[in-house]
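Here is how the chains run, residue by residue.
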Amino acid sequence: MQSPRPGYAPRYDAPGYLPPMPLPAVRASLGARFCAYLLDIVFIFGFSVLLWLAIALIGLVTFGLGWTLFAVLPASGIIYSAITVGGSRQSTLGMRMMGLRVVAPESGRTVDMLTAAVHALLFYVAITTFLLWFVDVMFGLVRSDRRLGHDLLLGLAVVRAG
């Protein structure tokens, strides 16, 4: 294992998968996370439009049978997060623009697609109810590492990509 740069913690991965990479010890600010979410709303809308067009085309080709896939459109934000956060860059497009990424600080492992999808699902469930959203944000305001409630439940952290 390489020695990490100053200010970074060592990363421990399963042998044979990825070389050890340092994890930044600097947590993301709540303001940067909020701006990243606002940008992601635009990207999720574009992704939903592309998904809608693809499903419409599949429905035409399959004589209407493919139109049953329109049921997945409400989950387009979760699918978007699963693909982007569960990918190699570990961040949504909005997070990339704000210089953020999602990590698992306790284990040092990358975030897989299922964990990224559950992370997004918990976030969207929290913002649909004022009380849950308030509790979720209060965790971020009172903790020095700025981890929100849904981050803590899954053992994830949003950090600067630096």
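Since we're looking at a predicted model, the values are computed, not measured.

Parameters and conventions
- Residues numbered from 1 in each chain as written.
- Predicted model: local features only at pLDDT ≥ 70, side-chain atom pairs only at ≥ 80, totals over all residues.
- Heavy atoms only, no water.
- Helix = DSSP H or I, 4+ residues; strand = E, 2+ residues; numbered from the N terminus.
- Buried < 20%, exposed > 50% of the residue type's maximum accessible area, 1.4 Å probe, protein only.
- Contact = heavy atoms within 4.5 Å.
- Areas by Shrake-Rupley, 256 points an atom, 1.4 Å probe, with all protein chains shown as cover.
- UniProt positions renumbered as here; feature names shortened; annotations may be inferred.
- Patch = residues over 30% accessible without salt bridge, like charges linked within 9 Å, V, L, I, M, F, W, Y side chains within 5 Å.
- Salt bridge = Lys/Arg side-chain N within 4 Å of Asp/Glu carboxyl O.
- pLDDT = per-residue confidence, 0-100.
- Axes fitted to C-alpha atoms, helices over the stretch in contact; angles between N-to-C directions.
- Parallel < 35°, antiparallel > 145°, perpendicular 65-115°, else oblique.
- Nonpolar A, V, L, I, M, F, W, Y, C, P; charged D, E, K, R; others polar.
- Core = buried A, V, L, I, M, F, W, Y, C linked by side-chain atoms within 4.5 Å.
- Pairing = 2+ DSSP bridges.

### Focus: the overall build of the protein
Part 1 of the argument: Secondary structure assignment for the protein yields 6 helices and 4 strands.
Part 2 of the argument: Moving toward the C terminus, one meets the helices and strands of the protein in the order β-β-α-α-α-β-α-α-α-β.
Part 3 of the argument: Counting across all 162 residues of the protein, residues that qualify as buried make up 34%.
Part 4 of the argument: Excluding contacts between residues fewer than 6 apart, the proportion of contacts in the protein whose partners are at least 24 apart in sequence is 61%.
Part 5 of the argument: Accessible surface, the protein: about 9500 Å² in total, of which carbon and sulfur atoms supply 74%.

### Structural notes on the UniProt feature "transmembrane region" (unreviewed entry) in the protein
Part 1 of the argument: Per the UniProt record, "transmembrane region" (unreviewed entry) is annotated on residues 37–61, 67–89 and 110–135.
Part 2 of the argument: With 100% helix and 0% strand, the stretch residues 37–61 has end C-alpha atoms that lie 35 Å from each other.

### Details of a nonpolar patch on the surface
Part 1 of the argument: A contiguous nonpolar surface patch, about 950 Å² in accessible area, is contributed by Ile127, Phe130, Leu131, Trp133, Phe134, Val135, Met138, Phe139, Leu141 and Val142.
Part 2 of the argument: Of note, Met138 is situated in helix H5 (residues 130–142).
Part 3 of the argument: Residue Met138 is classed as partly exposed on the basis of its relative accessible area of 30%.

### Overview of helix H2 (residues 76–85)
Part 1 of the argument: Of all 10 residues making up H2, 7 are buried, and the element is well covered by its neighbours.
Part 2 of the argument: Among the residues of H2, those classed as buried are Ser76, Gly77, Tyr80, Ser81, Ala82, Thr84 and Val85.
Part 3 of the argument: Those residues of H2 that are buried lie in contact with helix H1 (30–61), helix H3 (93–98), strand E3 (100–103) and helix H4 (113–128).

### Comments concerning the side chain of Arg33
Part 1 of the argument: As for its placement among the helices and strands, Arg33 is situated in helix H1.
Part 2 of the argument: For Arg33, a relative accessible area of 14% gives the class buried.
Part 3 of the argument: Excluding its chain neighbours within four sequence positions, the residues that come into contact with Arg33 are Ala28, Leu100, His119, Arg146, Leu148, His150, Asp151 and Val158.

### Considerations on the confidence of the model for the protein
Part 1 of the argument: Summary statistics for the protein give a mean pLDDT of 84 and a share of 82% for residues scoring 70 or more.
Part 2 of the argument: When mean pLDDT is compared element by element in the protein, H1 scores highest at 94, while strand E2 (residues 23–24) scores lowest at 50.
Part 3 of the argument: Confidence drops under pLDDT 50 across residues 19–23; counting only partners more than four residues distant or on other chains, this segment forms 19 contacts.

### Quick look at the packing of H1 against H4
Part 1 of the argument: Where H1 contacts H4, the two axes come as close as 15 Å, and the packing angle between them is 100°. Comparing their axes, H4 and H1 come out roughly perpendicular. From H1, Arg33, Tyr37 and Ile44 reach across to H4, where they touch His119, Phe123, Tyr124 and Ile127.
Part 2 of the argument: Class assignment of the residues belonging to the contact of H1 with H4 gives a composition of 5 nonpolar, 1 polar and 1 charged.

### Details of the nonpolar core
Grouped burial of nonpolar side chains is what soluble globular proteins tend to show.
Part 1 of the argument: Formed by Ala28, Ala32, Ala36, Val85, Met95, Leu100, Val102, Ala104, Val111, Ala116, Leu156 and Val158, the largest nonpolar core amounts to 12 residues.
Part 2 of the argument: When contributions to this core are tallied by element, the ones reaching two or more residues are H1 and E3.
Part 3 of the argument: Ignoring any residue separated from it by four or fewer positions in sequence, one finds Met95 in contact with Ala36, Asp40, Leu100 and Val102.

### Let's talk about the pattern of salt bridges
Part 1 of the argument: This model, assessed by the stated rule, comprises 1 salt bridge.
Part 2 of the argument: A salt bridge links Asp151 to Arg33, with the nearest nitrogen and oxygen atoms 2.6 Å apart. Of this pair, Asp151 sits in helix H6 (residues 149–154) while Arg33 is found in helix H1, placing the two residues 118 residues apart along the sequence. Residues Asp151 and Arg33 agree in their burial class; the two are buried.

### What to know about the pairing of E3
Part 1 of the argument: Every second residue of E3 is oriented toward a common face, with Leu100 and Val102 on one face and Arg101 and Val103 on the other, all of them buried.
Part 2 of the argument: Of the strand pairs in this sheet, E3 and strand E4 (residues 157–160) are connected by 4 bridges, and their pairing is antiparallel. Bridged to Arg101 within E4 is Val159.

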